[in-house]
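Architecture and fold: a report
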Amino acid sequence: MFQPNMFESHHHLLDMSHKTTENELDMLRDEDYESKSGTDIMEAPSGDDQDPNQRPNKKKRYHRHTQHQIQELEAFFKECPHPDDKQRKELGRRLTLEPLQVKFWFQNKRTQMKAQHERHENSQLRNDNEKLRMENIRYKEALTNATCPNCGGPAAIGEMSFDEQHLRIENARLREEIDRISGIAAKYVGKPLLSYPNLSHNGPSRSLDLPIGSFSSQPTMVDDMFGTSNLLRSVSGPSEADKPVIIELAVTAMEELVRMAQSGEPLWIGSSDNSSETLNEEEYSQTFPRGIGPKQLGLKSEASKESTFVIMNHISIVEILMDVNQWSNVFSGIVSRAMTLEVLSTGVAGNYNGALQVMTAEYQVPSPLVPTREYYFVRYCKQHPDGTWAVVDVSLDNLRPNANLRSRRRPSGCLIEELPNGYSKVTWVEHVEVDDTAVHDIYRLLVNSGLAFGARRWVATLDRQCQRLASAMANNIPAGDIGVLTTLEGRKSMLKLSERMVLSFCSGVGASTTHTWTTLSGSGADDVRVMTRKSVDDPGRPPGIVLSAATSFWIPVPPKRVFEFLRDENSRNEWDILSNGGLVEEMAHIANGRDPGNCVSLLRVNSANSSQGNMLILQESSNDSTGSYVIYAPVDIAAMNVVLSGGDPDYVALLPSGFAILPDGAGKHQGGRIVEVGNGGSLLTVAFQILVDSVPTAKLSLGSVATVNSLIKCTVDRIKAAVAPENA
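These numbers were taken from a predicted model, which means no experiment stands behind them.

Here the focus is helix H11 (residues 441-449). For H11, the set of buried residues is Tyr443, Leu446 and Val447. All buried residues of H11 fall inside an arc of 100° around its axis, so they share one side. Within H11, the exposed residues directed more than 90 degrees away from the buried face are Asp441 and Leu445. The inward-facing, buried residues of H11 abut strand S6 (300-310), strand S9 (373-383), strand S16 (544-555), strand S21 (657-663) and strand S24 (682-693). In the segment just after H11, glycine 450 is the residue with positive phi, at about 90°.

In structure tokens form, the structure reads like this:
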């Protein structure tokens, strides 16, 4: 429930002469006038001429151009579709029109021409898609009726060739392009979005009662990785009546974020070792009486603040935060899925200043034992007069009352200050209210410490990813070390492939509501949980039934030691059953930052069994003060040769597995610096993805589940025996 005084100081936010800047209002006017027809242009009164007591629903006056005016404007449009101010004034003088009317006519004309062009392009793509569909049907029929030339029996279809992989990815890209163009065309012509048939079909029900999920074709588009029925997809954009309230709330949230980020005591109370700051709840309620209302019954407050310096331009950071795909990719370990519901403002002057968008997101910890947190919020970006940028989120749950509300965001976000030499200072504030009663006991200390969802985790992740991006752009790599990949094209391709591998792993290891984990046995924390997903027409994954298995457990070993053991190729044969005890050597290496543990490696397993060929493994290891990952996937030798030569990595099929290593608590600090993460132990999550059948319509057998269960338990036992033999 909003408090009555919440809107008093911003009652005239939408008025042309109040809180909104002149540039922002011009942009909003432009968007409104672009929706009018080419000749019916509304003459809106200016902010100075408008009667403050005038009712907003008063009938508006329209002006219809004469035939002569239209002919002259059409002729000028053919020569110059983007006239400048001087040309618009001259046209207005010659045609007895206001320059603003001329401006709106050209905007509408460009919109009409764009719609016509897109309708034509859409028609062409539709025809191409129909041809491909018919050709695909013919190929399927030919494969169904294929016979062996030697025995006359049914032919067995072998592994997919590289050409077929290329065809599949091109087909997937074409379908996405058609859907995109159809959506744009439907917006302009008012027709429903066309749906194109999916040539794949669901297989028969499995003999084992496990829910079957599915992968998406583009794992980099995190908002498309959702299941068919979940809360985030069920939420629609705001109504017209809600938009003024959202704008008011965003402005209030921005003021609160800036003050919280720049304040110290008494609002924030520092710890004895200056390692962290705690929010003074009483001072907060007195300082910010407005907002999203009092804390709801059953929810617990979590607040944290953290600052750091990152090697990235401040504008680039703003672009990452305001683009849902970039944001989800950079923070893939935290953001399991996200989508933008509606963009209320794109900003002014060609940047994100004033940008406003309504979003939904789900935040996770990489373990099935920690429930995710879902938010429905508005994100607002603003550049302040001193040059500092700020991006704030605030929940909109008050607009959609929900009796089962488990989490909401009070004003949270970051301030970004420009520094010399391409660096930026980022101050992050996280302030949420959550119901954390479902968190498993072994993760409770971690969640309460703020390392799971707090500001320190966001800042540490941003710092590590900024180092990774800087490494990807480096072109002065010394060629002295053996295995260091020095060619820029090869580095970019390998890093792109590794990024897709990490995204796939992170999206499938947590407790997202899109996952249906099934516990195989027992009731302890280290139970193995499994789920099945079907891969069809996905060029980034091998086709068939994929069984995912994960387990989380506590081990009395510091996270740093566990991380070094798991990432080191020399100790890999101590835990990796699939390497068959063979020697592992590093073939290629890309450093990803200051920490030597942050790197992408290409490993070769020299099998001890002479009858088996050598195997390549792509591995990325990453480490920061809040946790670490070791993620890997077997890769085809021929495919990796293409990638190392700078080729397109999108068609390389991956099934990533790996480890997420988190501290078991807040850790020890000295002089405000972390000297030891956690309380001496580690929370380790082991997750495997295994192709149990290459036919998507095959039945999942109990034997496959038992094999995967045995594999993951054996791996866990080997890790415990190697790093903590006294507790194995």
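Mapping asparagine 353 onto the fold places it in the loop between strand S7 (335-345) and strand S8 (356-363). C-alpha of asparagine 353 to C-alpha of glutamine 383: the two residues are 30 residues apart in sequence and 5.5 Å apart in space. If near-sequence neighbours (up to four positions away) are discounted, asparagine 353 is found in contact with Gly347, Val348, Cys381, Lys382, Gln383 and Trp389.

On average, residues of the protein score 76 in pLDDT, and 72% of them are at 70 or above. Confidence over residues 187-207 falls short of pLDDT 50; this stretch has 46 contacts with residues more than four positions distant or in other chains.

Attention shifts here to the pairing of strand S19 (residues 615-624). For S19, the tally of buried residues reaches 9 of 10 residues, placing the bulk of the element in the interior. Relative to S19, strand S18 (residues 599-606) is paired through 7 bridges, and the arrangement is antiparallel. Directly across from serine 601, in S19, lies its bridge partner glutamine 619. Pairing of S19 with strand S20 (residues 627-635), which is carried by 9 bridges, proceeds in the antiparallel orientation. Directly across from glutamate 620, in S20, lies its bridge partner isoleucine 631.

As a further point, take empty space enclosed by the protein. Once rolled over the atoms, a probe with the size of a water molecule shows which space is left empty. Taken as a whole, this structure holds 7 cavities of 30 Å³ or more when the rule is applied. In terms of lining residues, the largest cavity is bounded by Leu321, Trp327, Tyr363, Arg379, Val391, Asp393, Arg409, Gly413, Cys414, Trp428, Glu430 and Trp458. At the level of secondary structure, the elements contributing two or more residues to the lining of the largest cavity comprise strand S10 (389-395), strand S12 (412-418) and strand S13 (424-434). Along the lines of polarity and charge, the residues of the lining of the largest cavity split into 7 nonpolar, 1 polar and 4 charged.

Before going further, it helps to spend a moment on the packing of aromatic side chains. One pass over the full model with this rule turns up 15 aromatic pairs. Pairing tryptophan 327 with tyrosine 363 gives two aromatic rings, centres 6.2 Å apart and planes at 70°, and the pair type is edge-to-face. Here tryptophan 327 is found in helix H10 (residues 324-330), whereas its partner tyrosine 363 is found in strand S8, with 36 residues between them in sequence. The buried category is assigned to tryptophan 327, whose relative accessible area is 1%. Its relative accessible area of 2% is what places tyrosine 363 among the buried residues. Relative to phenylalanine 659, the ring of tryptophan 575 has its centre 5.0 Å away and its plane inclined at 85°; by these criteria the two rings are edge-to-face. Placement of the pair is tryptophan 575 in the loop between helix H14 (559-567) and strand S17 (583-591) and phenylalanine 659 in strand S21, with a sequence separation of 84 residues. Just as tryptophan 575 is buried, phenylalanine 659 falls in that class too.

Conventions used here
- Residues numbered from 1 in each chain as written.
- Predicted model: local features only at pLDDT ≥ 70, side-chain atom pairs only at ≥ 80, totals over all residues.
- Heavy atoms only, no water.
- Buried < 20%, exposed > 50% of the residue type's maximum accessible area, 1.4 Å probe, protein only.
- Helix = DSSP H or I, 4+ residues; strand = E, 2+ residues; numbered from the N terminus.
- Arc of directions from axis to C-beta.
- Contact = heavy atoms within 4.5 Å.
- pLDDT = per-residue confidence, 0-100.
- Pairing = 2+ DSSP bridges.
- 1 Å grid on protein atoms, 1.4 Å probe; cavity = no way out; pocket = protein on both sides within 12 Å on 5 of 7 lines; lining within 4 Å.
- Points joined across faces, edges and corners; volume = space filled by probe spheres on them.
- Nonpolar A, V, L, I, M, F, W, Y, C, P; charged D, E, K, R; others polar.
- Phe/Tyr/Trp six-rings, centres within 6.5 Å; stacked < 30°, edge-to-face > 60°.

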